[in-house]
Amino acid sequence: MQGHVFHGTWLPSTQCLFVWGETPEAPLRRGRQARLPAHPFQSTPGTLREQIEALGVPPADAAEHMLTLWLPSVVKMPLPSPELLATGIPTPPEGAPELRMWQVTGLLLPAGSALNLLLALQGERAAAADLRAWRVAALLAMELVAGQQVMPMLSRDGFQLRAGWRPRPDLALAQKLGSLARSLPPLCRAAVLDPARAPVPRVLLDDFLSAIVDATIRAIPRKTKLPATTPGGRWLRALLGPDPIVKLKGAEADELYRSWQSWAGYGLGRAAGDDVFRVTFRLEPPAHDSDPWALAYLLQATDDPSLLVPAALVWREQSPVFSYLDRRFEQPQERLLTALGYAARLFPPIEASLRHAAPEQTSLAATDALTFLKEAAPLLEQSGFGVLVPAWWQGRGARLQARARASTASAPNEKSRLSFDSLVRFNWELTLAGQALDRDEFERLVALKLPLVQVRGQWVVLDPDHIQQALAFFEQRDEELSLGEALRLALAGDGTVAPEGVEVAGVEAEGGLRDLLDGLRDMRQIELLPPPGKLQGTLRPYQVRGYSWMAFLRQFGLGACLADDMGLGKTVQTIGLLLHERQRREVGAPTLLVCPTSVVGNWVRELQRFAPVLRIMMHRGPERLQGPDFEREAGAHDIVLTSYPLLARDRDTLRGVAWDTLILDEAQNIKNSTAKQAQAARTIEAEHRVALTGTPVENRLSELWSIMAFLNPGYLGSEAAFRREFARPIERTGDPQALERLRRLTSPFVLRRLKTDPAIISDLPEKLEMKVYCSLTPEQATLYEAVVQEELAQIDQAETEGNAIRRRGQVLAMLMKLKQVCNHPAQFLKDGSSTAGRSGKLARLEEMLEEVYAEGDRALIFTQFAEMGTLLQRYLGETFGEDVLFLYGATPPKDRDTLIRRFQAAGGPRLFILSLKAGGTGLNLTAANHVFHFDRWWNPAVENQATDRAFRIGQTRNVQVHKFICGGTLEDHIDEMIESKRTLAESVLGTDESWLTELSTSQLRDLVALRHAEVAEE
């Protein structure tokens, strides 16, 4: 919906959603003056169709329609909506707004198509407030259908019966609908001849909901043929089929309609209440187990559920209108009796009380009280009654649970530490309502033969299943579990199943296990470690906490997932951990570090920078070692660095080493549990495991299972059990209990910190610069060496001929070509060839931008080549499925201003590519908090000037600057030269690359020489 803003108005007369649009483009040409002026900035119906189709909702049944709308206007021009203003159109004329009538042409969408469009608008920034309000209403309609909060209807139009569905919300959903009706934007009601007679918001909303609910239920596919031989069957066919007309006439039609009126008498709301009161039932427990329960009858105020009126007051009322605290209830006694009669169909024990002239309550046996709690109460609530049950019930009442005291077999020490497979002794006790029970007391309760009993003042449901579970439980009180199983029971809380199917009420730990659980539940309990003495750098406070947390889990053999935002230093925290383990625990076995091919060069440099004492072995390339040779060489190093493709390909070789630590960087690479590299990662033995990722869950919860299965095998159970217990309930229905249980289980092992966290942002500099080292692909390496050989020969020849001018030209030409090769082969070859998989820089940019998108951030991408900017714009737009902006020297000034306004606007495009010269001055782009220098200008002043487009006055967030360098190439060598002369760089190096032409040929040869260790050969 680029460049347009779209609106929607529900039209009860047509049962359709009228969709129209605004555009910031030039006004429509005026034809012959009509009786009413046409909206000058309206989108054409053709544009509307194209944009709706782009959302995947073909508007085949949409009809073109003209409508009159009352819109706020100034100087005889309609005011643009706030959403249109955000696209950067010129400021509207000043003046006092007034309502004026405008003719607008748009599309009429029937209820089914309207629903598809509204559901497809998720995250669509071009939808105006009125259309977004109808989207919220559509989602509530889906909630009504999913929760079966709907009612079948039958209406009469002359001699014809019509079937349909209407909402029947419970109290919670009714409150949501009331809130939406009160906040409905005025534009939703602008399609009237007189604005003083605009439809009541709630009436308009109810009509929309009824139409959407009806269309949704009719669209549900059915395999069975609907009956049509009886009046009821014909009604059912009309309810579920495409035709709402009930094929009945005469006496059959009259009888069906009367039967429906009788059945739906309460459902229509007249029997038990209206918008003021509703009939409510309150279950009251007795003082003693053997006494009967009471079910009291009340009126409950719908606007204040705490206001309850006993039925006795209703029966004493002499007037046909019951008044209570400024609330009126017409025909109270008749309607209360009608409601009780309807409720008796759902819960027969109520019927006995109706033999009295003025029933106030009914008495219930314990079995009936339990039936009311478990079965009748939900049915009554769905039918619109109020239900009040004792606070202890909460769905099933206080229940049978198990509580345990857990301890390890021996205290942990340096030689005998707790590990994931260590055994933990569990001493169990049975609890009812939180009270510990011995077997004699439990058997006394069973002897009462009552389903509801009191345990020390609390009511408890005691059903046959509980009794059998408890008796089996008493036969096995103690057991040993692995540390992983013990943690699952202790951390998950309610809902976790203990031995013999009894739920866990709590675990009380002792000794080292208690220390572990305290640290897992609250990171603040973990001791902060001093930075390792051999670390060549300074850890920020939050990095000290992260490295200490990983070391804490390491003590117990537990895997850790460090999931900090991009730029917070996952690498340096991990290096700190490796140094700590070798310094304090004297670890001798090597660490296997696996990362994407595009990040290998980064890891080498970061290790050399922060931990030069660590010995690094590269396992890559066609000459890499295998078998015993690999095992021997790996044992002589501290870290073996390899990539994901080789993790799967060389699995047998890698499994031959006794690894101390296995680290997966960019661990989202194993999110697919069935992929070969994920399977390989799980089969490699290691004392400790670490996963580093900024996106632990991207699309599905199964990705989290895959990472956790690598870190702590078996902790979350099998993948099938995980889908059953967590993934399906959470992803399909948003089950809050399953979500909370999963959070308790996983959060101790996943440290996720955002740049926006108050505890983090205070530790960060306002501008954080980092270099991103990328490997060349084999194709790039081949092209690079060919260019070097050819161009150096030309330079040698020019030098031999004494032609200094030609030599300078050849040097600059060589530098330019090598830059292009480092960027992408397609840029150098200029052949329009494919883009994906051919550039180490582009691969790394794509990986980092995935985190930018995941974090909701926005980025500037600088390149000094217009052709590279075009290539990036096309590729990134296709990859991320969103608009990518591009500003370069040939961009017209008018378009330049539009691009800037779009990027700066709330909800604007996430990526903005700029050529370094065109984007280096005169711009204010503070919407971005990431800056990527895809290729380098080799002059700090020029690069800083470009960076400051984001880092300047008006920026409210920390800015991260990423400078891409192809390792082992002239980009790497020149960067080293600049860094060595940083203090003089701006004054000595000049404003361009001409200073490089003054280097001697031997210096040039060394400058451009390719180090093959930086080539991704696998």
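Residues numbered from 1 in each chain as written. Predicted model: local features only at pLDDT ≥ 70, side-chain atom pairs only at ≥ 80, totals over all residues. Heavy atoms only, no water.

(A) A positive patch on the surface, seen in detail. There is a patch of like positive charges on the surface, built from Arg700, Arg724, Arg728 and Arg732. Examined against the element boundaries, Arg732 turns out to sit in helix α24 (residues 719-733). Judged by its relative accessible area of 67%, Arg732 is exposed. (Patch = residues over 30% accessible without salt bridge, like charges linked within 9 Å, V, L, I, M, F, W, Y side chains within 5 Å. Areas by Shrake-Rupley, 256 points an atom, 1.4 Å probe, with all protein chains shown as cover. Salt bridge = Lys/Arg side-chain N within 4 Å of Asp/Glu carboxyl O. Lys, Arg positive; Asp, Glu negative; His and termini not counted. Charge placed at Lys NZ, Arg CZ, Asp CG, Glu CD. Helix = DSSP H or I, 4+ residues; strand = E, 2+ residues; numbered from the N terminus. Buried < 20%, exposed > 50% of the residue type's maximum accessible area, 1.4 Å probe, protein only.)

(B) Representation of helix α30 (residues 840-854). Look at α30: 22 Å from first C-alpha to last across 15 residues, which is about the 21 Å you get at 1.5 Å a residue. Across the 15 residues of α30, 11 count as buried, placing the element largely inside the fold. Turning to α30, its buried residues are Gly840, Lys841, Leu842, Arg844, Leu845, Glu846, Met848, Leu849, Glu851, Val852 and Tyr853. Of the residues flanking the start of α30, the one acting as N-cap is Ser839, its side-chain oxygen 3.3 Å from the backbone nitrogen of Lys841. (Expected span 1.5 Å × (residues − 1). Polar contact = N/O pair within 3.5 Å; in protein donor to acceptor, adjacent residues only side chain to side chain.)

(C) Focus on the packing of aromatic side chains. Applying the stated criterion across every chain yields a total of 16 aromatic pairs. With a centroid separation of 5.6 Å and 90° between ring planes, the pair formed by Phe281 and Tyr297 is classed as edge-to-face. One end of the pair, Phe281, is in strand β9 (residues 277-284); the other, Tyr297, is in strand β10 (residues 293-301), and 16 residues separate them in sequence. Judged by centre distance (5.1 Å) and plane angle (75°), the rings of Tyr715 and Phe749 are edge-to-face. On the criterion of sequence distance, the pair formed by Tyr715 in the loop between α23 (702-711) and α24 and Phe749 in the loop between α25 (736-746) and β29 (750-751) is long-range, its members being 34 residues apart. Among the residues examined, Tyr715 registers a relative accessible area of 1% and is labelled buried. Members of the aromatic cluster, connected to one another through ring pairs, are Phe281, Tyr297, Tyr342 and Phe385. If you follow Arg605 out to its NZ or CZ, it ends over the ring of Tyr773, 4.2 Å from the centre. Between the NZ or CZ atom of Arg858 and the centre of the ring of Phe903, over which it lies, the distance is 4.9 Å. (Phe/Tyr/Trp six-rings, centres within 6.5 Å; stacked < 30°, edge-to-face > 60°. Lys NZ or Arg CZ within 6 Å of the ring centre and 35° of its normal.)

(D) Examining the confidence of the model for the protein more closely. When pLDDT is averaged across the protein, the result is 82; 86% of the residues are at 70 or more. Ranking the elements of the protein by mean pLDDT puts helix α35 (residues 982-988) last, at 46, and strand β14 (residues 361-364) first, at 95. Segment residues 983-991: pLDDT under 50, and 15 contacts once partners within four positions in sequence are set aside and those in other chains are kept. (pLDDT = per-residue confidence, 0-100. Contact = heavy atoms within 4.5 Å.)

(E) Just the sheet that holds strand β3 (residues 63-74), in detail. Spatial strand order, β1-β2-β5-β3-β4: five strands in an open sheet with antiparallel pairing. Each edge of the sheet is formed by a strand with only one pairing partner; in this case those strands are β1 (5-11) and β4 (77-78). Pairing geometry for β3 and β4, over two bridges, is antiparallel. Within the sheet, the bridge partner assigned to Val74 lies in β4 and is Met77. Along the sheet, helix α3 (residues 111-120) makes contact with β1, β2 (16-22) and β5 (98-110), crossing β5 at roughly 100°. Where helix α4 (residues 129-146) meets the sheet, its contacts fall on β1 and β2, and the angle it forms with β1 comes to roughly 55°. (Pairing = 2+ DSSP bridges. Axes fitted to C-alpha atoms, helices over the stretch in contact; angles between N-to-C directions.)

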